[in-house]
Amino acid sequence: MNDDAPLIQAVGRRKTYGAFTAVDGIDVEVAPGESFGFLGPNGAGKTSTMRIIACTSPATGGTVRVLGMDPATDASRIKAQLGVVPQEDTLDNDLTVTENLLVYGRYFGLPRATVRERAAELLEFAQLVDKRDELVENLSGGMKRRLTIARGLINTPRILLLDEPTTGLDPQARHILWDRLFRLKREGVTLVLTTHYMDEAEQLCDRLVVMDSGRIVAEGSPRALIREHASREVLELRFDVADHAERADDVAGIGRVEVLADRLLLYVEDGDAALEQVTARGVHPMSSLVRRASLEDVFLRLTGRSLIE
Amino acid sequence: MSAPTVTARRSRPRLPFPIAFAMPLALVERNARAGKHYWLTIVSGFFEPVFYLFAMGVGIGALVGTVEVDGRALPYAVFVAPALMATSAMNGAVYDSTQNVFWKLRFAKLYDTVLSTPMRPVDVAVGEISWALLRGLLYSTAFLAVAWAAGFVTSPWALLAIPACTLIGLAFASVGMAVTTWMTSWTHLEYVQLALLPMFLFSATFFPLSTYPEGLQWVVRATPLYHGVDLVRGLMTGDLHAGLLVHVAYLLVLGAVGVAVTARRIERLLLS
Ligand SMILES: Nc1ncnc2c1ncn2[C@@H]1O[C@H](COP(=O)(O)OP(=O)(O)O)[C@@H](O)[C@H]1O
Ligand SMILES: [Mg+2]
């Protein structure tokens, strides 16, 4: 395989559970060194997609190549070069922090000396050196996540798969984790991650696909997606009404209007100018906010729903 | 980098020989490391059969005197020691492959983790069963030493009782693990105890096969523990005969079927 051949290549990939279709024909290609994301709400099919790439769940349709190989026939060879960080923490609670790394390395058939050396580096990387001999149940959520990532790196993988790496963590723990992932990205590790946080996708992904109900609804870099499907700025208006749809006509014509349960969104180039236009019409919202458009807006535009309900 | 072919290969995934062979050992190593944190439980497993040995052999033995087996009169302790050794091999193997495996499979999700590495379902099955056998080996050896020191062993062939107990362990661990893959609640594990108890009591453990009426004898002969007990008893009392090979074959087949079923079930449960 030449150096810039795609690491992951999927055409028309499907996954059904009985009569239910979780992944409905997905085409993606991930290049070496790229940070690639799957953004979508709960139930979009992100985990199902990741498991197909990780060779722990056979696709039920379409073709998939990971590292140029077919998961159906070469699962063990592919897995030998993947790092997997599953959505739920699956650390070994009967073992200490260091032992988790050592034992996991042995599952790859790596020699003891190699694993020991690598584990020492990874403890450093995960900022867990002073926790090395603790049982993992004594770690905080953020530490467990970092250890899981360190574990996924024990075999020096060509691709690191991260399924919702920061879900459930507090903001500080998320920032530490993002910092670690940035470092990996700089070192040229190919990251493939899923998330339902648009800020995470914007921070970490060079390119992403937006998923909804098992389908890809858009693809591109975060900036390109925002440019294409949203506007530069968003004006948020809250009124003292039960149903914000009642006030949509009052602001019509200024920009594209999106009605949410608790506010109106106006997609405009210049938020402050738009707000002046609104007040000039004699419309006075309870509160207003001007912000930059985000992937959240892209998702709303494409699916009519918010990412996080 | 050289260019490996990207054409789909027909064969099952293969790893280079030494790695492929070592794969299940990684799981054994994991269990050994985890075992360090609960070594007391592991050590305590040795005492139960030894307590039984003295209660039955010495205590009840004094009341019973000798037992007639195939025309030979054996002191009761000599008669019952092999049965207790075989039974403890069964119990140890079943405990490891049911309780422990159930926890790892359904709650700790250990095998989900293991299967995200190059380890395959069959490596998981072989690894877990090997661990149960290693632990059992420890108990069998210690039990034999105690029984020998107490004078309940009458033949040097008794040394072969140790591998024989490993074989019993193989049969019960692999069937136990296979059955465990169908379990979905802790209550199901109690059914296992329910199946073991009558086997423990009636597999020619505490009284010879000839005690039973003809029809029942065939029922006893069908149970795996009977084959284990009779094999170990033959070796420990130096009564070697071709029938022992039948026991070996029975236990081997059971073990092989158990491993195959377990591997297939794990694949179906965790790689779907
Ligand atoms: N093993 C399974 N059996 C049946 N349905 C499943 C299974 N795994 C996932 N699903 C369903 O597939 C859909 C997609 O799930 P998932 O891939 O976990 O989505 P996400 O990770 O984006 O939240 C969900 O509706 C989920 O209920
Ligand atoms: Mg998920």
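First things first, this report covers the structure right here in the doc. Residue indices begin from 1 for each chain and proceed along its sequence in written order. To label them, take the chains in the order written and letter them from A, then take the ligands in the order written and number them from 1. This being a predicted model, a pLDDT of at least 70 is required before a residue's local features are given, and a value of 80 or more before pairs of side-chain atoms are given or counted; all residues contribute to the totals for chains, interfaces and linings. Heavy atoms from the whole structure form the basis of all side-chain values; hydrogens and water molecules are not counted.

### Let's talk about the coordination of the magnesium ion (ligand 2)
Residues and elements named next belong to chain A.
Argument step 1. Donor atoms: N, O and S within 2.8 Å of the metal, or within 3.2 Å for Na, K and Ca. Because water is excluded, sites can look incomplete. Looking at the magnesium ion (ligand 2), one finds its protein donor set to be Thr-47 (OG1) and Gln-87 (OE1), positioned 2.0 to 2.2 Å from the metal centre. Of this pair, Thr-47 sits in helix α1 (residues 46–53) while Gln-87 sits in the loop between β5 (82–85) and α3 (97–107), placing them 40 residues apart in sequence.
Argument step 2. By relative accessible area, which is 32% here, Gln-87 ends up partly exposed. Strands are runs of DSSP state E lasting at least 2 residues, helices are runs of H or I lasting at least 4, and numbering of each runs from the N terminus. A simple rule labels every residue: compare its accessible area, found with a 1.4 Å probe on the protein chains alone, to the largest value its type can have, and call it buried under 20%, exposed over 50%, or partly exposed in between.

### Thoughts on the sheet that holds β5 of chain A
Residue and element names in this part refer to chain A.
Argument step 1. Strand order in the open sheet made by the six strands is β5-β6-β7-β3-β8-β9, with mixed pairing throughout. Looking at strand neighbours, the two that pair on one side only are β5 and β9 (215–220), the edges of this open sheet. Adjacent strand axes in the sheet meet at a mean angle of 15 degrees, parallel and antiparallel pairs treated alike.
Argument step 2. When DSSP finds two or more bridges between a pair of strands, those strands are recorded as paired. In terms of strand pairing, strand β8 (residues 207–212) meets β9 through five bridges, oriented antiparallel. Each residue of the ladder has a partner; that of Val-210, found in β9, is Ala-218.
Argument step 3. What makes two residues a contact is simply this: any of their non-hydrogen atoms within 4.5 Å. Axis angles are defined between N-to-C directions and span 0 to 180 degrees, where every axis is a line fitted to C-alpha atoms and, for a helix, only to the segment in contact. Where helix α10 (residues 295–303) meets the sheet, its contacts fall on β3 (35–39), β8 and β9, and the angle it forms with β8 comes to roughly 40 degrees.

### Describing the sheet that holds strand β10 (residues 233–238) of chain A
All names here are of chain A.
Argument step 1. If you trace the four strands from one edge of the open sheet to the other, you get β11-β12-β10-β13, paired in antiparallel fashion. Each having just a single partner strand, β11 (256–259) and β13 (287–292) make up the two edges of the open sheet. When the angles between neighbouring strand axes are averaged without regard to direction, this sheet yields 20 degrees.
Argument step 2. Bridge count between β10 and strand β12 (residues 264–268): five bridges; the pairing is antiparallel. Paired with Val-234 across the bridge in β12 is Tyr-267.
Argument step 3. Taken strand by strand, helix α9 (residues 271–280) contacts β10, β12 and β13, and its axis lies near 35 degrees from that of β10.

### A few points about unusual backbone geometry
Glycine aside, residues mostly have negative phi angles, and peptide bonds mostly take the trans form.
Argument step 1. Despite not being glycine, Leu-67 of chain A has its phi angle at roughly 55 degrees, a positive value.
Argument step 2. Considering the arrangement of structural elements, one finds Leu-67 of chain A in the loop between β4 (61–66) and α2 (71–79).
Argument step 3. The phi dihedral of Ala-204 of chain B is positive, around 60 degrees, even though this residue is not glycine.
Argument step 4. Residue position: Ala-204 of chain B is located in the loop between α8 (186–202) and α9 (214–222).

### Some details on the site of ligand 1
Residue and element names in this part refer to chain A.
Argument step 1. The environment of ligand 1 is formed by Tyr-17, Phe-20, Ala-22, Pro-41, Asn-42, Gly-43, Ala-44, Gly-45, Lys-46, Thr-47 and Ser-48.
Argument step 2. The side chain of Thr-47 places a nitrogen or oxygen atom 2.7 Å from an oxygen atom of ligand 1.
Argument step 3. For ligand 1, whose free accessible area comes to 550 Å², the fraction covered by protein is 60%.
Argument step 4. Asp, Glu, Lys and Arg are counted as charged, while Ala, Val, Leu, Ile, Met, Phe, Trp, Tyr, Cys and Pro are counted as nonpolar; the rest, among them Gly, fall into the polar class. In terms of residue class, the shell around ligand 1 is built from five nonpolar, five polar and one charged. Here a residue is considered near a molecule or strand provided that any single heavy atom belonging to it is located within 4 Å of it. N or O atoms closer than or at 3.5 Å make up a polar contact, with two conditions inside protein: a donor-capable atom paired with an acceptor-capable one, and, for residues adjacent in sequence, both atoms drawn from side chains. Each accessible area is a Shrake-Rupley estimate made with a 1.4 Å probe; only the visible protein chains count as cover when residues are assessed.

### Remarks on a negative patch on the surface
Residues and elements named next belong to chain A.
Argument step 1. Side chains of Glu-269, Asp-270, Asp-272 and Glu-276 sit close together on the surface and give a patch of like negative charge.
Argument step 2. Mapping Glu-269 onto the fold places it in the loop between β12 and α9.
Argument step 3. According to the relative accessible area criterion, Glu-269 is exposed, its value standing at 51%. Each patch groups residues whose relative accessible area exceeds 30% and which form no salt bridge, using 9 Å between like charges and 5 Å between nonpolar side chains of Val, Leu, Ile, Met, Phe, Trp and Tyr. Salt bridge, as used here: a side-chain nitrogen of Lys or Arg that lies within 4 Å of a carboxyl oxygen of Asp or Glu. We treat Lys and Arg as the positive residues and Asp and Glu as the negative residues; His and chain ends play no part in the count. Positions of charges follow a simple convention, taking NZ of Lys, CZ of Arg, CG of Asp or CD of Glu.

### Focus on the nonpolar core
Argument step 1. Residues belong to one nonpolar core when they are buried, are Ala, Val, Leu, Ile, Met, Phe, Trp, Tyr or Cys, and are joined through side-chain atoms within 4.5 Å. Grouped together as the largest cluster of nonpolar side chains are 128 residues, with contacts concentrated most on Tyr-107, Ile-149, Leu-160 and Leu-184 of chain A together with Tyr-111 and Met-236 of chain B.
Argument step 2. Looking at this core, the element that brings in the most residues is helix α4 (residues 76–107) of chain B, giving 17 residues.
Argument step 3. Residues lining this core come from more than one domain, with at least three contributed by each of domain 1 (8–226) and domain 2 (231–293) of chain A.
Argument step 4. Excluding residues that lie within four positions of it along the chain, Leu-160 of chain A makes contacts with Gly-83, Val-84, Val-85, Ile-149, Gly-152, Leu-153, Leu-184, Val-189, Thr-190, Leu-191 and Val-192 of chain A.
Argument step 5. Core analysis: the next-biggest nonpolar cluster, separate from the first, contains 28 residues, Phe-36, Cys-55, Val-84 and Met-211 of chain A among them. Those domain boundaries reflect an automatic or database domain assignment.

### Topic: the packing of aromatic side chains
Argument step 1. Any two of the Phe, Tyr and Trp rings considered here, Trp counted by its six-membered ring, make a pair once their centres fall within 6.5 Å; the pair's planes then place it as stacked at under 30 degrees, edge-to-face at over 60, or tilted in between. Scanning all chains against the criterion turns up 14 aromatic pairs over all chains.
Argument step 2. Seen in terms of ring centroids, Phe-102 of chain B and Trp-186 of chain B are 4.8 Å apart; in terms of plane orientation they differ by 80 degrees. Their pairing is edge-to-face. You can see Phe-102 of chain B sitting in helix α4 and its partner Trp-186 of chain B sitting in helix α8, a full 84 residues away along the chain.
Argument step 3. Clustering of aromatic rings is evident, with ring pairs tying together Phe-102, Trp-103, Phe-107 and Trp-186 of chain B.
Argument step 4. Throughout this description, the term charge over a ring refers to an Arg CZ or Lys NZ atom that lies within 6 Å of the ring centre and within 35 degrees of the ring normal. The ring of Tyr-104 of chain A carries the charged tip of Arg-151 of chain A above its face, separated from the ring centre by 4.6 Å.
Argument step 5. The residue whose ring lies beneath Arg-180 of chain A is Phe-125 of chain A, and the NZ or CZ to ring-centre distance is 5.4 Å.

### Quick word on the pairing of β8 of chain A
Residue and element names in this part refer to chain A.
Argument step 1. With respect to burial, β8 is a largely interior element, six of its six residues being buried.
Argument step 2. Here β8 shows no split at all, with Arg-207, Val-209 and Met-211 on one side and Leu-208, Val-210 and Asp-212 on the other all buried.
Argument step 3. Two elements, β3 and β8, share four bridges in a ladder whose sense is parallel. Counted as the bridge partner of Leu-39 is Val-210 from β8.

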